[in-house]
Amino acid sequence: MVAGVVRDIMTKEIVTIDADKTALDAAKLMTEKGISSVFIVNKDGNPVGIVSERDFIKKICAKELIISQIKVGDIMSKILTTAGPETPIEVAVQRMVNHKIRRLPIIEGTKVVGIITVTDLAKHLRTTLLLEGTLQDTESIDDVIATMDRDEKH
């Protein structure tokens with residue numbers, strides 16, 4: 001597999017929201033930006049947590065709470081682990097697996113400079129497979145899965 005560092009594949013466009021904003025504000029922001037999570041920052045602009053779609057489901061919807069009355073800081077997940085921009089991709093993946101997370105904040109100093117998501121990792125894997133010649137550029141994932149299904153039946 002092609003080696004690389006987190007900086008090579010991270011999403012650099014970071015979206016943040018203040019911890020005292022409502023969950024409704026966060027949901028609107030996420031919808032507007034077309035993203036599935038947002039970083040929660042304190043008054044100094046330092047990251048203190050992250051809110052994902054899963055947090056909304058587990059902490060608001062499942063409890064039938066009123067989204068406009070909940071502070072985003074009350075439903076955020078604490079940042080369990082981070083990586084720096086020069087962290088090897090393999091190390092970042094291992095941290096995600098160890099902590100059972102789908103998003104890994106990339107921190108430089110005290111500021112969030114990026115995020116690695118499972119989507120970023122899937123794109124990286126696809127690129128790596130293309131470079132190694134394992135996957136043809138014309139193949140879609142559906143074609144690969146269909147081939148796997150046929151192989152299993154035989």
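Residues numbered from 1 in each chain as written. Predicted model: local features only at pLDDT ≥ 70, side-chain atom pairs only at ≥ 80, totals over all residues. Heavy atoms only, no water.

*Asks:* Explain the nonpolar core to me, please; I cannot follow it from the model alone.
*Replies:* Across soluble globular proteins, nonpolar side chains have a tendency to be buried as a group. Core analysis: the largest hydrophobic core is formed by 16 residues, its most contacted members being I17, V38, I40, V51, F56 and I75. At five residues, the largest contribution of residues to this core is made by helix α2 (residues 23–33). If near-sequence neighbours (up to four positions away) are discounted, I75 is found in contact with A23, V51, D55, F56, K59, I60 and I70. Grouped together as the second largest cluster of nonpolar side chains are twelve residues, I89, A92, M96 and L121 included. (Core = buried A, V, L, I, M, F, W, Y, C linked by side-chain atoms within 4.5 Å. Buried < 20%, exposed > 50% of the residue type's maximum accessible area, 1.4 Å probe, protein only. Helix = DSSP H or I, 4+ residues; strand = E, 2+ residues; numbered from the N terminus. Contact = heavy atoms within 4.5 Å.)

*Asks:* What is the right way to read α2 from this model?
*Replies:* Note that an α-helix has 3.6 residues per turn; residues three or four places apart therefore point the same way. If you check which residues of α2 are buried, you get A23, A26, A27, L29 and M30. Across the axial projection of α2, the buried residues extend over an arc of 165°, all falling on one side. In α2, the exposed positions angled more than 90 degrees off the buried face are occupied by K28, T31 and E32. Among the residues trailing α2, G34 stands out with phi positive, at a value near 70°. (Arc of directions from axis to C-beta.)

*Asks:* So what exactly am I meant to see when it comes to helix α6 (residues 118–132) here?
*Replies:* With 15 residues, α6 ought to run about 21 Å at 1.5 Å a step, and its terminal C-alpha atoms sit 21 Å apart, in line with that. Within α6 the residues assigned to the buried category are D120, L121, H124 and T128. Seen end-on, α6 carries its buried residues on one side only, within an arc spanning 95°. Buried-residue contacts for α6 involve α1 (6–9), α5 (89–99) and β5 (111–117). A positive backbone phi angle near 80° is found at G133, which sits one or two residues after α6. (Expected span 1.5 Å × (residues − 1).)

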